[in-house]
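Reading the structure
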Amino acid sequence: MSIIIMGHGNTSTYPWGPEDICPGGLILPILDERLWPIKVRVVVYLFTLLYFLLGISIVADVFMTAIDKITSHTKKVYLAKELTANGSDVSLRPDQPEVIEVRIWNPTIANLTLMALGTSSPEILLSIIETVGHHFEARKLGPNIIVGSAAFNLLIITSLCTLTLGLNEKRRIHDLKVFLVIGAFSFFAYIWLLLIIEVISPNVIELWEAAATFMLFPILMFFAYATDKNWCGKDTEHNTHQLDLSSFEDQNGTKKQLILKNGKIDKDNLIKFVKNVKQYSGITDADAAKLAATKLINSTHHGAMWYRIGAVRRFTGGKQIEPILEDHLKQVYDVIQKNGEIGYDTLNHMSPTSSHNEETKYAVLEFHAPTIAVKENIGKFPVTIWRHGNLNTKAIVRVDSINGTAKEGEDFVKVKEVVEFKENEEEKEIFIELIDDNKWEPDEEFFLRMSVVHHKDLLVKLGSISIMEVTIIDNDEPGIISFGKRGLLVKESTGFAEVPIVRTHGSDSEVSVKWKTIDESAISGRDYVGGEGEIIFKDKEVAKVLKIEIINDMCPEKDECFEIKLFEATGGAKIGNVNRIAITISSDDDFDSVVDRLMLLTNINIHALELHRQTWAEQIKTAMTVNGGDLNNATTLTYVLHFFSFFWKVIFAFIPPAAVFSGWLRFVTSLTLIGVMATIIGDLATIFGCLIGLDDAVTAITIVALGMSLPDILGACMVTRAETHADEAMIHIAGSIAVKVLMGVGLPWFIAALYHYLNGNLFKVPSTRIGFNVLLYSVMAILAVTVLMVRRNVEFFGKAELGGPKKGRYITVAILISLWVIYLSLTCFQTF
């Protein structure tokens, strides 16, 4: 038996079959595997191919963080101060001009060059390396991957973007001219390929044809830039969040203040935001800083590349780039989003509501009082449960008894009762039964605990008084009402002062007492929300809590105080000796230290969500830890995904950080590794297809194209949900299609045609290999774009390219998927 290592162009004799059934690639195989069983080789090559597709997604993520660093470069622009109303120059300060920073890269050019190259680099490099590595001859895999990927992006990803939106939610392309220009170029590029393969010089690509194909790319950039700048036609409003001079004035010419100035958080605007957020109960400084960082990140425009990076990290268990808020912070943030303006200056114009508004969608249930006292011989007595918040829904709650010094079965009958509120019902009563044992014993107590009966259709939560203390006493007097203490010290940031009011020496019948606040050094409306009111004690209730809202003005000041007075008790009750209480408001900390701490916390939250790390140590640590070190928000699935991608993440963590040479070293290094990975993937796909009897074209448009497009799928769906228009998703899809064909086919064909021209040969490209595929894709592209334009202009589809009414979107998805199935079926049929 002869053993010959497989390589390009050789033949091998196999003991079990015909000669040379699977010729080697550029790198693979590295072992003599001819004696392995075919099934074992198929499994090994399949899983290795999938694993390398995962790896190339991760290194492409690294590559795109370098692109983000490069395209985020800014330059300083100096603006003179405005003149005063009378035209004098008193307000001009040339020694201290206003400085702003604007991006150097035009967003359209950035999308078509570096950003499109970032998402398409594996396919482009695979096509180039495959052509050059096989003696400058045309190959099937690279070009067919590009055509198959284009069909998948246009038909399948567009369908998924439509389905990912909520019911009746829709996204419409805003800059239609840019989309049409890029779409027309991508379509013309495929028609041009068909012409040079089948018509102009059949089966031969001449040098001028290849050069013209490659030159279409800079021409595309020129026309896209001209369209973006509105050099032709009526000037239209751009859907761009790019930081430029027009961002600083609104339509009325009023200057806006930005949260981020010169790349740093503006202290004054942060203070305004924190003051508004602090009006929601239970918000700490750390919570406020996290909300500020979340608002800043979500209010900043992100392109398709940013979401693609997030998608890759999501399915590899890596560091997330989107903020993750706890449930109680999500509720506050939703209110902020609903009531605040959207934009860079959102935090400056917040109009927060009281904390009560957080609960408008929930039915909030609680006991009417935290403590009641009853006589042992009372038998049965009622306990009131009241509901506030959302009254337009049903609510179910369970009440259970808990032993204290009083024991169930000896002193009271066990309580285990489910209480159901119907719509608009505010109060319910349950009856508790005591057991009179005719023996003297000291006062005893037990507890009633309330818990929510969860139901997927009911939004119910517990209020602050979800546990009630029941004291069993022998007393039949209405009681004496007074404050629980003479003084109370609260912090300015506490939100509310909870003032205890107690009823002693009796608890029979319903009584009430009035209260009012009295200003001292603290002034109502400035330091606290004062006024007057009435506290009602129902029969057997012995304790109440009066809440007074404290205003945190975030200004340095001395401790201040005010008083609350009780008067006019009713129902036979009396006012006790402690009928006044002094509330002292204490300043939390030095003002500057508080603000500095808030800015530090906000910066820490923002830094944790940056796309790239600053040092090798940070990169390696982030790569080796689950969810980038954020273990609190890691799930079981996150751990599993991290396990499978651990090897690639650690290997690629040694790529130079983006901070080195402004991202260019990271760009070059990761691009080189993508080339190596793409070469291995090409070899794996070719040998795997050979082992299972698939043509390279079929392997290219199925396994490889789908594997390389997975990050694009997730990224496109994320950007569709997050953005208000369809531009980022649709223009990026059209742009990547154009870049793939012009760079992924035009560049390697130009290199090959030039090589053959210099050697006096012809660069031959058999039309049967790619011509039919290109023709079929062109037909499908025409039909798909026609469907999108019909959607844009027909009310049945919502007059939008993505989303829309239920029936309209399902019909669209059915059409696009049918086109994909037809394309795939005909391509596979043509190869057999």
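Keep in mind the model is a prediction, meaning the values are calculated, not measured.

Below, the discussion takes up the confidence of the model for the chain. Per-residue pLDDT for the chain averages 78, and the proportion of residues at 70 or more is 78%. Confidence over residues 236–259 falls short of pLDDT 50; this stretch has 55 contacts with residues more than four positions distant or in other chains. The model gives residues 341–359 a pLDDT under 50, and that stretch makes 49 contacts with residues more than four places away or in other chains.

Within helix α11 (residues 616–624), the full set of buried residues consists of Gln 619, Thr 622 and Ala 623. What you see down the axis of α11 is that its buried residues fit within an arc of 100 degrees, all on one side. For α11, the exposed residues set more than 90 degrees away from the buried face come down to Ala 617 and Lys 621. If you follow the buried residues of α11, they end up packed against α12 (636–652) and α13 (664–692).

With respect to the helices and strands, the residue Val 413 is situated in the loop between β10 (395–402) and β11 (416–421). Among the residues examined, Val 413 registers a relative accessible area of 35% and is labelled partly exposed. The spatial distance from the C-alpha of Val 413 to the C-alpha of Ser 401 is 8.9 Å, given a sequence separation of twelve residues. Among all residues touching Val 413, those that are not within four sequence positions of it are Glu 433 and Ile 435.

Positionally, Thr 164 belongs in helix α3 (residues 141–164). C-alpha separation for the pair Thr 164 and Thr 720, spaced 556 residues apart in sequence, amounts to 7.8 Å. In contact with Thr 164, not counting residues within four places along its chain, are Cys 717, Thr 720 and Arg 721. Among the polar contacts listed, one links the side chain of Thr 164 to the side chain of Arg 721, at a separation of 2.7 Å.

Enumeration according to the criterion identifies twelve salt bridges in this entry. With its nearest N and O atoms 2.9 Å apart, the salt bridge here joins Arg 526 to Asp 527. Judged by its relative accessible area of 44%, Arg 526 falls in the partly exposed class. Given the relative accessible area of 2%, Asp 527 is considered buried. One network of salt bridges, in which partners are shared, links Arg 526, Asp 527 and Glu 560.

Our next topic: the sheet that holds strand β24 (residues 580–586). Judged by pairing direction, the sheet is mixed, and its five strands sit side by side in the order β17-β24-β22-β19-β20 without closing on themselves. Two strands close off the open sheet at either side, each with one partner strand: β17 (487–491) and β20 (532–537). For this sheet, the mean inter-axis angle between neighbouring strands, taken without regard to orientation, is 25 degrees. Looking at chain direction, β17 and β24 are connected through five bridges and run parallel.

What follows is about the packing of α3 against helix α15 (residues 727–744). When two helices pack together, you describe them by how their axes are tilted relative to each other and by the distance separating the axes. Contact geometry of α3 with α15 gives a least axis separation of 9 Å together with a crossing angle of 175 degrees. Taken together, the axes of α3 and α15 lie roughly antiparallel to each other. In contact with Ile 146, Ser 149, Ala 150, Asn 153, Leu 154, Ile 157 and Thr 158 of α3, α15 contributes Met 730, Ile 733, Ser 736, Ile 737, Lys 740, Val 741 and Gly 744. Class assignment of the residues belonging to the contact of α3 with α15 gives a composition of eight nonpolar, five polar and one charged.

Now for the nonpolar core. In globular proteins that are soluble, nonpolar side chains generally tend to be buried together. Judged by nonpolar contacts, the single largest core of 72 residues is most densely connected at Tyr 190, Trp 749, Tyr 777 and Tyr 823. Looking at this core, the element that brings in the most residues is helix α4 (residues 176–200), giving twelve residues. Counting 43 residues, the second-largest nonpolar core is a separate cluster that includes Val 42, Leu 49, Met 305 and Ile 309.

What follows is about α13. The end-to-end C-alpha distance of α13 is 42 Å, a good match for the 42 Å that 29 residues give at a rise of 1.5 Å each. After α13 finishes, the residue Gly 693 shows a positive phi value of roughly 85 degrees.

This part covers the pairing of strand β22 (residues 560–570). Alignment of strand β19 (residues 511–519) against β22, held across seven bridges, turns out to be antiparallel. Residue Ser 512 lies in a different strand from β22, and its bridge partner there is Thr 570. Alignment of β22 against β24, held across six bridges, turns out to be antiparallel. Each bridged residue has a counterpart across the sheet, and for Lys 565 the counterpart in β24 is Arg 580.

Calculation criteria
Residues numbered from 1 in each chain as written. Predicted model: local features only at pLDDT ≥ 70, side-chain atom pairs only at ≥ 80, totals over all residues. Heavy atoms only, no water. pLDDT = per-residue confidence, 0-100. Contact = heavy atoms within 4.5 Å. Buried < 20%, exposed > 50% of the residue type's maximum accessible area, 1.4 Å probe, protein only. Helix = DSSP H or I, 4+ residues; strand = E, 2+ residues; numbered from the N terminus. Arc of directions from axis to C-beta. Polar contact = N/O pair within 3.5 Å; in protein donor to acceptor, adjacent residues only side chain to side chain. Salt bridge = Lys/Arg side-chain N within 4 Å of Asp/Glu carboxyl O. Pairing = 2+ DSSP bridges. Axes fitted to C-alpha atoms, helices over the stretch in contact; angles between N-to-C directions. Parallel < 35°, antiparallel > 145°, perpendicular 65-115°, else oblique. Nonpolar A, V, L, I, M, F, W, Y, C, P; charged D, E, K, R; others polar. Core = buried A, V, L, I, M, F, W, Y, C linked by side-chain atoms within 4.5 Å. Expected span 1.5 Å × (residues − 1).

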